[in-house]
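If you want the building blocks of each chain, they are given just below.
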Amino acid sequence: MNTLAVVVPAYNESEGLREFQRRIGLVFDGLDLQCSVLYVDDGSRDDTWQVMESLRAQDPRVATLKLSRNFGKELALTAGLDHVDADAVVVIDADLQDQPELIPEFVARWREGYDVVYGTRSNRAGETVLKKFTSAAFYRVMEKMSDLPVPRDTGDFRLMSRRVVDALKLVRERQRFMKGLFTWVGFRQTAIVYDRDSRFAGDSKYNYWKLWNFALEGITSFSSFPLRLATYVGFFAALVAFVFGVIVFFKALVYGDPVRGYPSLMVVVLFLGGAQLMALGMIGEYLGRTYVESKQRPLYFVDRHHAPGASAAKRD
Ligand code: UDP
Ligand code: MG
């Protein structure tokens with residue numbers, strides 16, 4: 001029988017995990033696959049790990065993985081993918097915003113021969129207008145800037161075939177923008193449109209500052225357009241400066257214009273100073289990322305790992 005593994009990254013999600021397990025258990029019962037779920041505790045501060053372990057004690061289909069600290073969702077996902085060996089792997093959030101009940105549909109498309117089946121949100125319940133707007137803006141900017149067709153309004157909720165997971169495992173960059181990487185590996189991909197629910201319990205782990213940084217990560221990982229932008233702005237400024245220089249020169253020569261120009265001087269100096277600092281900052285973003293990669297640190301550390309069906313007596 002084919003196997004299916006579900007990877008669930010969770011950070012301080014103890015309130016919702018039991019309900020998640022109940023719903024995913026029902027989904028598993030209806031599938032003719034050998035199913036398991038791997039909960040990844042991303043260094044939670046609440047009792048998420050204890051809840052995971054009690055779920056494991058109750059159901060042999062549950063596996064658990066605890067990271068040594070909070071590494072962030074992208075790395076928790078990576079750790080999860082590294083620790084499953086099923087024929088198909090589903091990635092889903094622990095907060096029940098993505099419905100586990102869609103998994104059978106994903107599986108059906110996978111059986112049709114698709115390697116990646118991703119969920120595209122048509123509606124996002126319980127999210128603010130500002131979040132929806134910034135998120136929509138991000139996907140569109142990303143689309144324009146990178147050569148990579150990252151599908152719009154698509155989160156991490158998806159099913160991947162074994163070969164896609166194996167391909168992803170070869171990509172070991174530290175600054176990970178998983179959505180981009182999922183697309184980058186290629187293979188036959190297809191979408192399923194769904195309505196996103198609001199959170200079952202707790203609050204989003206992302207504030208706007210974190211999302212902004214996440215967006216920068218996405219752009220710098222998949223596009224070098226901002227670096228080129230500085231070149232274009234520079235060319236344009238030099239051109240304008242040349243034309244302006246010619247005008248000033250002739251005015252002084254022909255009309256004997258007295259040299260007056262403090263305001264324009266100030267404006268130009270400040271504008272160019274600002275543009276230069278911005279360009280430096282952009283270079284800095286890329287340089288910083290190169291620095292992080294060059295250190296070659298491991299992506300994450302595992303504190304504990306229990307495979308599915310491991311005896312509950314071995315608990316710690
Ligand atoms: N998450 C994680 N590590 C983190 C932050 C979040 O594993 O540092 C998990 C979180 O528990 C949830 C998923 O990533 O299962 C998505 O997080 P969240 O719901 O806060 O994001 P949103 O849906 O608001 O974008
Ligand atoms: Mg969420």
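An unreviewed UniProt entry lists the protein chain under the name Glycosyltransferase family 2 protein, from Tahibacter harae. Turning to the protein chain, the UniProt record has this under Subcellular location (unreviewed entry): "Membrane".

The sites that UniProt annotates as "transmembrane region" (unreviewed entry) are residues 229-250 and 262-287. Taken end to end, residues 229-250 comprises 100% helix and 0% strand; its first and last C-alpha atoms sit 32 Å apart. For residues 262-287, helix accounts for 100% and strand for 0%, while the C-alpha atoms at its two ends are 37 Å apart.

Before going further, it helps to examine a nonpolar patch on the surface. There is a patch of nonpolar side chains on the surface, built from L239, F242, V243, V246, I247, F249, F250, L253, V254 and Y255 and spanning about 1,100 Å² of accessible area. Tracing the sequence through the fold places L253 in helix 9 (residues 225-255).

The next point concerns the side chain of Q175. With respect to the helices and strands, Q175 occurs in the loop between helix 6 (162-170) and helix 7 (178-184). In this structure the side chain of Q175 is engaged in a polar contact, spanning 3.3 Å, whose partner is the side chain of R289. Residues contacting Q175, with those up to four places away along its chain left out, are E217, S221, R289, V292 and E293.

What surrounds ligand 1 is a group of 18 residues, the closest being E13, D42, D95, S204 and K205. Take E13: an N or O atom from its side chain is 2.6 Å from an oxygen atom of ligand 1. Interatomic distance of 2.6 Å between a side-chain N/O atom of D42 and a nitrogen atom of ligand 1. The protein chains hide 94% of the 530 Å² of surface that ligand 1 would expose on its own. Looking at side-chain class alone, the shell around ligand 1 contains 5 nonpolar, 4 polar and 9 charged residues.

About the cut-offs
- Per chain, residues are indexed from 1 in the order of the written sequence.
- Going through the entries in the order they are written, you letter the chains from A and number the ligands from 1.
- Local features in a predicted model are, by the rule used here, given only for residues with pLDDT of at least 70; side-chain atom pairs are given and counted only at 80 or more, and totals for whole chains, interfaces and linings are based on all residues.
- The side-chain figures draw on all heavy atoms in the structure; neither hydrogens nor water molecules are used.
- UniProt positions are given in the numbering used here, feature names are shortened, and annotations may be inferred rather than shown by experiment.
- Where helices and strands are cited, they refer to DSSP runs of H or I of at least four residues and of E of at least two residues respectively, numbered from the N terminus.
- The residues that make up patches have over 30% relative accessible area and no salt bridge, and they are joined within 9 Å when like-charged or within 5 Å when they are Val, Leu, Ile, Met, Phe, Trp or Tyr.
- Per-residue accessibility takes into account occlusion by the displayed protein chains alone, with areas from the Shrake-Rupley method and a 1.4 Å probe.
- Any carboxyl oxygen of Asp or Glu that lies within 4 Å of a side-chain nitrogen of Lys or Arg is treated as forming a salt bridge with it.
- Any N or O atom pair separated by 3.5 Å or less is treated as a polar contact, with the protein-specific requirement of one donor-capable and one acceptor-capable atom, and with residues adjacent in sequence counted only for side-chain atom pairs.
- Residues are treated as being in contact if the distance between any of their heavy atoms lies within 4.5 Å.
- A cutoff of 4 Å decides nearness: a residue is near a molecule or strand if any of its heavy atoms lies inside that distance of it.
- Put simply, Ala, Val, Leu, Ile, Met, Phe, Trp, Tyr, Cys and Pro go in the nonpolar bin, Asp, Glu, Lys and Arg in the charged bin, and everything else, Gly too, in the polar bin.

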